[in-house]
Amino acid sequence: MKYISTRGACPEQNFEQVLLTGLAPDGGLYVPKELPHFSLAQISSWKDLSYSELALKIITPFIGDEIPAPALRTIIEESYAEFDHPDVAPLTKLGDNEWMLELYHGPTLAFKDFALQVLGRLLDYVLKEKDQRVVILGATSGDTGSAALEGCRHSERVDIFILHPHNRVSDVQRKQMTTVLGDNVFNLAVEGNFDDCQRIVKAAFADQSFLPDDRQLVAVNSINWARILMQIVYYFYAALRLGGPEQAVSFSVPTGNFGDIYAGYLAKRIGLPIKQLVVATNTNDILHRFISANDYSATDLIHTYSPSMDILVSSNFERYLFDLFDRDAEALCAFMNRFGTQSLKVSEPQWQQVRACFDSASVDDETTCKTIAEVYSRLGLLLDPHTAVGVKAAQLCNSDKSVPMITLSTAHPAKFGAAITAAGIETPELPDHLQDLFEREEHYTVVANDLAEVTAFVKSHIHKKQLA
Ligand SMILES: *Cc1c(COP(=O)(O)O)cnc(C)c1O
């Protein structure tokens, strides 16, 4: 499988090459040059497969023969063996034809484990084959950091540095990152906000001259294609359990960087019958304004009860826009270069195409808490605030009650106690494997909001020697 950049100014790459990088050198994101397509008969024959078996069917065409089938099988099986539910992604009924897909049964209690458990093992395999070491550098507002650390801490050929904004992540989130032990694991608390962390990471990727010649930076946020790929699988898994592919289903997806919902869009493109794809945002609603009113413009960041979706501009949206512009990289570049605070519009036919593909809703904190309280009193079930945004948006947008509507439940409620308390409910307990989280010893280094200080830290802490 070949991958191309959305900005059209760099050569095609194979899967291994896009796995081992971040943005393309021209500033674009990598997407498959051509998508595979599965027939209804093929999809229908997968009904009895386990989660791992289904994953292998779906991801293999995207990887081709770059990773031999037995090795890929081991990587996938080991990754999902870390999940604490036999179904890996169980479905729970919320109402009449309303469902929630629980994506929080991995080690760090958010859906990011689905991709990052696999990413760490893929890196290990590929780097061993190439006899190479790499440096992972990532910025996190919480969930990506812990999932990346859990997924990559055993990787012998990886040094991993995660930046988080000092004193601005929740206690659970910080503890989940800073208690991961390993001599290749480094947490940096930056004296700044999440955007500062991201700016430093971006600048480091753009100029990697601070690294020794035999190293390169690898991204663990959802600009890394491998993350998107692994998230396509659970759309198929859920649909097959609710009568698909003969029965179409709909999904509501709590959205920040447009990674998870873009995976749903791809699931549809490669053959899964999906009726509605609902983009569920909190009050940081650039995507909702674009879909509902053809207004693509950034506003100021608002801190909400669903912090993992507090994002001004969704990086993966560029991957979708590339398709919307018929893969015309020049048109995409022109659009992205004009982007700022002014409101951008696409043409009327393009906007109609967007509306045919996505529905959307924006849900504020008050409604999020009301939704948590309503579901709790009706079913005794606790929703995390991100999931609650998705559930409410599903109700607002549902156009056909005869089609199963599935909200992706992206995190365990114990991770985001503030919203639960605000909804008037007692904070839930952490699952068994994290019961002692608050007694564990933390390791992190506070650094200034300064690129040079961060790169100097990375340079002096990476492992010097190649492994044999
Ligand atoms: C990351 C995250 C999201 C947003 O996912 P995107 O792929 O960035 O859209 C939603 N909910 C939770 C709990 C998350 O951690």
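Every value quoted in this text rests on a predicted model; they were computed, and no experiment measured them.

1. Topic: the pattern of salt bridges
Pairs can form between side chains of opposite charge whenever their charged atoms are close. The final tally for this structure, using the stated rule, is 24 salt bridges. As a salt-bridge pair, E442 and K175 come within 3.2 Å of each other at their nearest N and O atoms. A residue pair is termed long-range when its members are at least 10 positions apart, and E442 in the loop between α17 (417–422) and β14 (445–447) and K175 in helix α7 (residues 171–178) qualify at 267 residues. When its relative accessible area of 9% is taken as the criterion, K175 is described as buried. Across the pair D323 and R327 runs a salt bridge whose closest N-O atoms are separated by 3.0 Å. Overall, the relative accessible area of 12% leaves D323 in the buried class. Salt bridges sharing common partners tie together D171, R174, K175 and E442.

2. What about unusual backbone geometry?
With an omega of 0°, the peptide bond running from G244 to P245 counts as cis. Positive phi, close to 50°, is recorded for D131, a residue that is not glycine. Position of D131 relative to the elements: it lies in the loop between α5 (112–130) and β6 (134–139).

3. Details of the packing of aromatic side chains
All told, the structure shown has 32 aromatic pairs when counted by the stated rule. Seen from their ring centres, Y235 and F251 are 4.7 Å apart, and the 70° between their planes marks the pair as edge-to-face. Separated by 16 residues along the polypeptide, Y235 in helix α9 (residues 225–241) and F251 in strand β10 (residues 249–254) bring together distant segments of the chain. Note on Y235: relative accessible area 0%, which makes it buried.

4. Points about the site of the ligand
Near the ligand you find 15 residues, and of these K112, D143, G256, N257 and T410 are the closest. Between T410 and the ligand, the recorded distance is 2.9 Å, taken from a side-chain N or O atom to a nitrogen atom. A molecule is said to occupy a pocket when more than half its atoms come within 2 Å of that pocket's grid points, and by this definition the ligand occupies the largest cavity.

5. A look at the sheet that holds strand β3 (residues 30–32)
Overall, antiparallel pairing links the 3 strands, which are arranged β2-β1-β3 in an open sheet. Looking at the sheet topology across the chains shown, the edges are occupied by β2 (13–14) and β3. Sheet topology note: the strand β1 (residues 2–5)/β3 ladder contains 3 bridges and is antiparallel. Of the residues in β3, the one forming a bridge with I4 is V31.

6. A short note on the layout of surface pockets
Rolling a probe over the atoms, with the probe sized like a water molecule, indicates the empty space that remains. Counted as a void, the second largest pocket has a volume near 450 Å³. Elements with a minimum of two residues in the lining of the second largest pocket: α4 (69–81), α5 and α6 (143–152). Sort the elements by how many residues they give to the lining of the second largest pocket and α5 lands first, with 5 residues. Looking at the lining of the second largest pocket, its residues break down into 7 nonpolar, 10 polar and 7 charged.

7. Focus on the packing of helix α3 (residues 51–63) against α4
Running from amino to carboxyl end, α3 crosses α4 at an angle of 135°, the nearest separation of the two axes being 10 Å. Judged on the interaxial angle alone, α4 and α3 are oblique. For the pair α3 and α4, the sense of crossing is right-handed. Across the interface between the two elements, Y51, S52, E53, A55, L56, I59, T60 and I63 of α3 pack against L72, R73, I76, E77 and Y80 of α4. Among the residues making up the contact of α3 with α4, the classes are represented as 8 nonpolar, 2 polar and 3 charged.

8. A closer look at the environment of V180
If you trace the backbone, V180 turns up in the loop between α7 and β8 (185–190). Of the residues examined, V180 reaches a relative accessible area of 8% and is grouped as buried. For the pair V180 and D113, spaced 67 residues apart in the sequence, the C-alpha separation amounts to 15 Å. Residues in contact with V180, not counting those within four places in the same chain, are L149, E150, R153 and V185.

9. Comments concerning helix α11 (residues 286–293)
For α11, a buried count of 6 out of 8 residues is recorded, marking the element as mostly surrounded by other parts of the structure. For α11, the full list of buried residues reads I286, L287, H288, R289, F290 and I291. On its buried face, α11 sits against β11 (274–281), α12 (317–324), α14 (348–357) and β12 (359–362). Among the residues trailing α11, N294 stands out with phi positive, at a value near 55°.

10. Re the pairing of strand β4 (residues 91–95)
Two faces belong to every sheet, and in a regular strand the side chains alternate between them. When β4 meets strand β5 (residues 98–102), the two strands line up antiparallel, connected through 4 bridges. From the neighbouring strand, G95 faces β5, where its bridge partner is E98. In this antiparallel pair of consecutive strands, β4 and β5, the connection spans 2 residues, and N97 shows a positive phi of 60°.

11. With respect to empty space enclosed by the protein
Applying the stated criterion across every chain yields a total of 4 cavities of 30 Å³ or more. Estimated volume of the largest cavity: approximately 390 Å³. What lines the largest cavity is a set of 28 residues, and nearest its centre among them are K112, T144, N257, S308 and I311. Among the elements of the structure, α6, α8 (194–206), α9 and α10 (259–269) are those that each provide at least two residues to the lining of the largest cavity.

Basis of the calculations
Residues numbered from 1 in each chain as written. Predicted model: local features only at pLDDT ≥ 70, side-chain atom pairs only at ≥ 80, totals over all residues. Heavy atoms only, no water. Salt bridge = Lys/Arg side-chain N within 4 Å of Asp/Glu carboxyl O. Helix = DSSP H or I, 4+ residues; strand = E, 2+ residues; numbered from the N terminus. Buried < 20%, exposed > 50% of the residue type's maximum accessible area, 1.4 Å probe, protein only. Phe/Tyr/Trp six-rings, centres within 6.5 Å; stacked < 30°, edge-to-face > 60°. Near = heavy atom within 4 Å. Polar contact = N/O pair within 3.5 Å; in protein donor to acceptor, adjacent residues only side chain to side chain. 1 Å grid on protein atoms, 1.4 Å probe; cavity = no way out; pocket = protein on both sides within 12 Å on 5 of 7 lines; lining within 4 Å. Sits in = over half its atoms within 2 Å of the grid points. Pairing = 2+ DSSP bridges. Points joined across faces, edges and corners; volume = space filled by probe spheres on them. Nonpolar A, V, L, I, M, F, W, Y, C, P; charged D, E, K, R; others polar. Axes fitted to C-alpha atoms, helices over the stretch in contact; angles between N-to-C directions. Parallel < 35°, antiparallel > 145°, perpendicular 65-115°, else oblique. Left-handed = near helix turned anticlockwise from the far one by under 90°. Contact = heavy atoms within 4.5 Å.

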